[in-house]
Amino acid sequence: MSTVLPQDESRQIAPPPAAQPADSSGDPSARSSTLPPTKPPRQAPSGDFESLRVLPARQPGRWVATAAVAVLLAMALSSLVTNPRWEWDVVAQYLVWPSIVDGLWGTLRLTAAAAAVGFGLGTVLALMRLSRSPLLQSVSWGYTWVFRSVPLILQLLLWYNLAYLYPTLSLGIPFGPELLSFGTLDVIDKFGAAVLGLGLSQAAYSAEIVRAGILGVDQGQHEAAAALGIPRARQSARIVLPQAMRTIVPTSVNEIIGLVKGTSIVYVLAYGELFYTVTVIYGRNQRVVPLLMVAAIWYLVITTVLTVAQFYVERHYAKGAVRTLPPTPVQKVRWSVQIAWSRVSGKPLPPSIPPAYAVRALPQRGHLTRTGRAHVGGAR
Amino acid sequence: MTVVETTTQASGAPTQGHLAVHGVHKSYGTLEVLRGIDLEVRPGEVTVILGPSGSGKSTLLRVINHLEKVDRGFVALDGELIGYARRRTPTGEVLRELKEKEILVQRTSIGFVFQNFNLFGHLTVLENIVEAPVSAQKRRRSEVEAQARELLERVGLADKADARPRQLSGGQQQRVAIARALATRPRLLLFDEPTSALDPELVGDVLDVIKDLARTGTTMIVVTHEVGFARELADTVVFMDDGRIVEQGPPSQVLDAPREDRTRTFLQKVL
Ligand SMILES: Nc1ncnc2c1ncn2[C@@H]1O[C@H](COP(=O)(O)OP(=O)(O)OP(=O)(O)O)[C@@H](O)[C@H]1O
Ligand SMILES: [Mg+2]
């Protein structure tokens, strides 16, 4: 009992601050019930909170986890360095070896061409599938069905052997005279077969990605475009697709990264892309592991570049979908440097730094200082 | 249709924006949403449609600009059928359905303002307004941009040309949507509950813009629950229930001395 009483008392004497305006604005029942209106609350007035320092919450678990991860990372790194069988000198030697660079170029060319075919045709297939024509719908459905069903490696070999089925290809009137004719092997070489195989099967997957993106655009956008009389092709290109891109981009970059590595399957055609080149070299000199590492490093580099590109592309298409764009890593670094400099030099912060970010970079942060710019950067 | 033209010219009123809806029926599956609608809107007139939820008001507007096909009946703007063309065949006259492309052209003369704005979120305010005149009407971009800025001025948002819709309040978005609908210089404007998605204090701004349009002689049909607006500006008030027009006439009659019981009970609820 003795512990309860003082608590009750204090609760009566110091009401929550929100109750205070009610006193002045005239809620007579509240005033008369508990409080003698003359006594000021015993708690510090709210203005004084600003002089208090805010400490971040303690996270002991995080420190333990960080230490554990650091130890594991150090072990892995040291084994990479100390185990001579990795043969890093060989890796360094072959990393920019001319034939490796040629192979890398082959991989990039193949990826770019297959992605262009895949996403170009995929978009067309998606639009066909969403069109009102039953014929176009079924053609698109049938295409996706066939090309998703047949294994890629089989498709590649089939395209490469097209010359067996059709020794010449010709342009002309259907069932009528031929106008132009080519040898199949001249048109579809290894590169052509690889692009066809990778691109056509990619199109089947991209079509579904693009279709999902279009379905994700609000029906009202289609209706508004139709109500304004905007031509059909323009509705797709200008209104619907740009908004669909927001959901298309993340999955597409995923697919393109898959394609980069997927090109290595083309070694069955003995096309000189990165992986095939590497296997040829280690077949000759038996330095298997270091050469695989060379390929791994290059795949890592390509994926990194694509991931960075993804960030900026996503940011581009986020315009209008979010109220304020998130800062880029470059902006974050620049702002941190400017904030650090202003703390060292005591000069005021440049106005280009958003207030929310400037405050977050302060050592003593808290909700009390977050709103005011007056406290930022040495004004204290 | 010739009758239509003579009446409008004889009265000396503007000759554009005469809407005739005749015997329109529309079903979704087995549910008949519109059951024989007849409506005439003369040039420069403001028609306000009132009615309980589900009575078919939105459907009627969507039928007028052919976002929905009718099952029976026709809609004509200034004597031109919406969605169909008259064709002579050896066996007599027929109505041939228009291609989507032709319908899109017709729609540029009917402005539509949606309940939830439907601005294009990825485009700026100015781009939203400029899009249709440039791509659908093939007008010069510079000329259209100048017109767009005038329209923004008119709806009180001259400083927001480069903002994106999500950076605007609901009321501002709706005013942009009105400017966008006006940009194709439509002969008829359709509003589907333009203020019902807005906070009460934003309703006034949007209604002011619509009132301004009404006073300058724009032909319009407004679906709304704002009875005060109807009383002030409507030339005709139409009361709809269950897919039919129950009663129509000047506001003094329909709002103050309704003949039908259903109109009376509805008005008692909303007033
Ligand atoms: N696409 C559709 N498919 C099936 N039924 C529909 C469709 N659109 C509308 N309806 C039905 O048609 C009827 C009329 O709808 P409508 O949207 O025209 O009503 P409203 O008068 O505009 O109502 P509110 O005031 O709530 O907007 C409703 O019963 C609705 O459920
Ligand atoms: Mg409605």
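Caption draft 1: Expanded view of the overall build of chain B. Scanning chain B from terminus to terminus reveals 10 helices and 12 strands. Taking 18 Å as the expected radius of gyration for a compact globule of 271 residues, we find that chain B reaches 19 Å, a close match to that expectation. If you take every contact in chain B between residues at least 6 apart in sequence, the share linking residues at least 24 apart comes to 64%. Summed over all atoms, the accessible surface of chain B reaches about 12200 Å², with 46% contributed by carbon and sulfur.

Caption draft 2: Local environment of the interface of chain A and chain B. With 24 residues of chain A at the contact, the number on the chain B side is 28 residues. In total, about 2200 Å² of surface goes out of reach between chain A and chain B, with carbon and sulfur atoms giving 54% of it. The three residues of chain A that bury the most area against chain B are Ala227(A), Leu228(A) and Arg238(A), which together make up 26% of that side's buried surface. At the boundary of chain A with chain B, the tally comes to 5 salt bridges. With a shortest N-O distance of 3.2 Å, Glu100(B) and Arg232(A) are connected by a salt bridge. Counting across the chain A and chain B interface gives 9 residue pairs in polar contact (both at pLDDT 80 or more). Looking at the side of chain A that touches chain B, the elements that each hand over two or more residues are α12 (219-227) and α13 (232-262) of chain A. For the side of chain A that touches chain B, the class distribution of residues is 10 nonpolar, 6 polar and 8 charged.

Caption draft 3: Quick look at the sheet that holds strand β3 (residues 46-50) of chain B. All names here are of chain B. In space, the 6 strands of this open sheet follow the order β8-β9-β10-β3-β11-β12, with mixed pairing throughout. Edge positions in the sheet fall to β8 (110-113) and β12 (244-249), since each of these pairs with one other strand and no more. Along the sheet, successive strands turn relative to each other by an average axial angle of 15°, direction set aside. In the sheet, β8 pairs with strand β9 (residues 188-192) via 4 bridges, with the strands oriented parallel.

Caption draft 4: Quick peek at the pairing of strand β2 (residues 178-183) of chain A. All names here are of chain A. Direction of pairing for strand β1 (residues 168-172) relative to β2: antiparallel, over a ladder of 5 bridges. Within β2, the position partnered with Thr-168 by the bridge is Gly-183. Connecting the antiparallel pair β1 and β2 is a turn made up of 5 residues, with Phe-175 showing a positive phi of about 60°.

Caption draft 5: Region of the structure containing the environment of Leu110(A). All names here are of chain A. Structurally, the position occupied by Leu-110 is in helix α6 (residues 98-130). Residue class for Leu-110 comes out buried when judged on its relative accessible area of 0%. Between the alpha carbons of Leu-110 and Asp-189 there is a distance of 13 Å; along the sequence they are 79 residues apart. Among residues more than four places away in sequence, those in contact with Leu-110 are Phe-191, Ala-194, Val-195, Leu-198, Thr-263, Val-266, Tyr-271 and Glu-273.

Caption draft 6: Up close: the nonpolar core. Grouped together as the largest cluster of nonpolar side chains are 51 residues, with contacts concentrated most on Ile178(B), Phe191(B) and Met220(B). In this structure, Phe191(B) is in contact with Leu61(B), Val113(B), Ile178(B), Ile210(B), Leu213(B), Met220(B), Ile221(B), Val222(B) and Val223(B), ignoring residues within four places of it in sequence.

Caption draft 7: Structural context of the layout of surface pockets. In this structure, the largest pocket encloses a volume near 1000 Å³. Together, 31 residues line the largest pocket, and Arg132(A), His222(A), Arg232(A), Gln235(A) and Glu100(B) are the ones closest to its centre. Taken together, the elements giving at least two residues each to the lining of the largest pocket come down to α6, α11 (190-216), α12 and α13 of chain A together with α3 (100-107) of chain B. Of the residues forming the lining of the largest pocket, the biggest block, 5 residues, is contributed by α13(A).

Caption draft 8: Representation of the confidence of the model for chain A within the structure. All names here are of chain A. Confidence in the prediction of chain A, expressed as mean pLDDT, is 81, and 81% of residues score 70 or more. In the model, residues 1-35 has pLDDT below 50 throughout and makes 13 contacts with residues more than four positions away in sequence or in other chains. Contacts from residues 365-380, a stretch scored under 50 in pLDDT, to residues over four places away or in other chains number 29 contacts.

Caption draft 9: Local environment of the site of ligand 1. Residues and elements named next belong to chain B. Looking at ligand 1, the residues that line it are Tyr-28, Leu-31, Val-33, Pro-52, Ser-53, Gly-54, Ser-55, Gly-56, Lys-57, Ser-58, Thr-59 and Glu-193. A distance of 2.5 Å is found between an oxygen atom of ligand 1 and a side-chain nitrogen or oxygen belonging to Thr-59. Glu-193 places a side-chain nitrogen or oxygen 3.0 Å from an oxygen atom of ligand 1. Elements that contribute at least two residues to the shell around ligand 1 include exactly β2 (31-41) and α2 (57-64). For the shell around ligand 1, the leading source of residues is α2, giving 3 residues. Taken together, the residues of the shell around ligand 1 break down into 4 nonpolar, 6 polar and 2 charged.

Caption draft 10: Representation of the packing of helix α6 (residues 170-183) of chain B against helix α7 (residues 200-215) of chain B. All names here are of chain B. At their nearest, the axes of α6 and α7 sit 8 Å apart, and the two run at 20° to each other. By the criterion of interaxial angle, the relationship of α6 to α7 is roughly parallel. Judged by the twist between their axes, the crossing of α6 over α7 is right-handed. Where α6 approaches α7, its residues Gly-170, Gly-171, Gln-174, Arg-175, Ile-178 and Leu-182 are matched on the opposing element by Leu-202, Asp-205, Val-206, Val-209, Ile-210 and Leu-213. In terms of residue class, the contact of α6 with α7 is built from 7 nonpolar, 3 polar and 2 charged.

Caption draft 11: Unusual backbone geometry, seen in detail. Residue and element names in this part refer to chain B. One non-glycine residue, Phe-117, lies in the positive phi region at around 65°. Residue placement: Phe-117 occurs in the loop between β8 and α4 (125-135). Judged by relative accessible area, which is 11%, Phe-117 ranks as buried. The phi dihedral of Glu-193 is positive, around 40°, even though this residue is not glycine. Looking at where Glu-193 falls in the secondary structure, it is placed in the loop between β9 and α7.

Caption draft 12: Just the domain arrangement of chain A, in detail. Considered domain by domain, chain A is made up of domain 1 (90-317) and domain 2 (327-380). With centres defined by C-alpha atoms, the gap from domain 1 of chain A to domain 2 of chain A works out at 45 Å.

What counts and what doesn't
- Throughout, a residue's number is its position along its own chain's written sequence, starting from 1.
- For this description, chains carry letters from A and ligands carry numbers from 1, given in the order in which they are written.
- Residue-level local features of this predicted model are given only where pLDDT is at least 70; pairs of side-chain atoms are given and counted only at 80 or more, and the full residue set underlies all totals for whole chains, interfaces and linings.
- The side-chain figures draw on all heavy atoms in the structure; neither hydrogens nor water molecules are used.
- Labels follow the DSSP assignment, with helices taken as runs of H or I lasting at least four residues and strands as runs of E lasting at least two, numbered in each case from the N terminus.
- Taken over C-alpha atoms, the radius of gyration is set against a globule rule of 2.2 Å times the number of residues to the power 0.38.
- When checking whether two residues touch, look at their non-hydrogen atoms; a contact exists if any pair is within 4.5 Å.
- The accessible surface values rely on the Shrake-Rupley method and a 1.4 Å probe; as for residues, cover is taken only from the protein chains in view.
- Buried area: the accessible area, evaluated with a 1.4 Å probe, that two parts lose upon being put together, summed over both parts.
- Salt bridge, as used here: a side-chain nitrogen of Lys or Arg that lies within 4 Å of a carboxyl oxygen of Asp or Glu.
- We define a polar contact as two N or O atoms separated by no more than 3.5 Å, with the added condition that, inside protein, one atom must be a possible hydrogen donor and the other a possible acceptor, whereas residues neighbouring each other in sequence contribute only through side-chain atom pairs.
- Side-chain classes follow a simple rule in which Ala, Val, Leu, Ile, Met, Phe, Trp, Tyr, Cys and Pro form the nonpolar group, Asp, Glu, Lys and Arg form the charged group, and the remainder, Gly included, forms the polar group.
- Two strands form a pair only when DSSP identifies at least two bridges running between them.
- Helix axes use the C-alpha atoms of the stretch in contact, all axes being lines fitted to C-alpha atoms, and the angles between their N-to-C directions lie in the range 0 to 180 degrees.
- Under the scheme applied here, a residue whose accessible area is under 20% of the maximum for its type counts as buried, over 50% as exposed, and between as partly exposed, the area being computed with a 1.4 Å probe on protein chains only.
- As used in this record, nonpolar core signifies buried Ala, Val, Leu, Ile, Met, Phe, Trp, Tyr and Cys residues forming a set joined through side-chain atoms within 4.5 Å.
- The rule is simple: put a 1 Å grid over the protein atoms alone, call a set of points where a 1.4 Å probe fits but cannot get out a cavity, call an open set with protein on both sides within 12 Å along at least five of seven lines a pocket, and count a residue as lining if it has an atom within 4 Å of a point.
- Grid points are joined across faces, edges and corners, and a volume is the space filled by probe spheres set on the points.
- Summary of the metric used: pLDDT quantifies the predictor's per-residue confidence within the range 0 to 100.
- The nearness test applies per residue and asks whether one of its heavy atoms lies within 4 Å of the molecule or strand.
- Orientation categories follow fixed angle ranges, with anything under 35 degrees roughly parallel, anything over 145 roughly antiparallel, 65 to 115 roughly perpendicular, and all other angles oblique.
- The hand of a helix crossing depends on one turn: near helix anticlockwise from the far one by less than a right angle means left-handed, and clockwise means right-handed.
- Domain delimitation in this document rests on an assignment produced automatically or drawn from a domain database.

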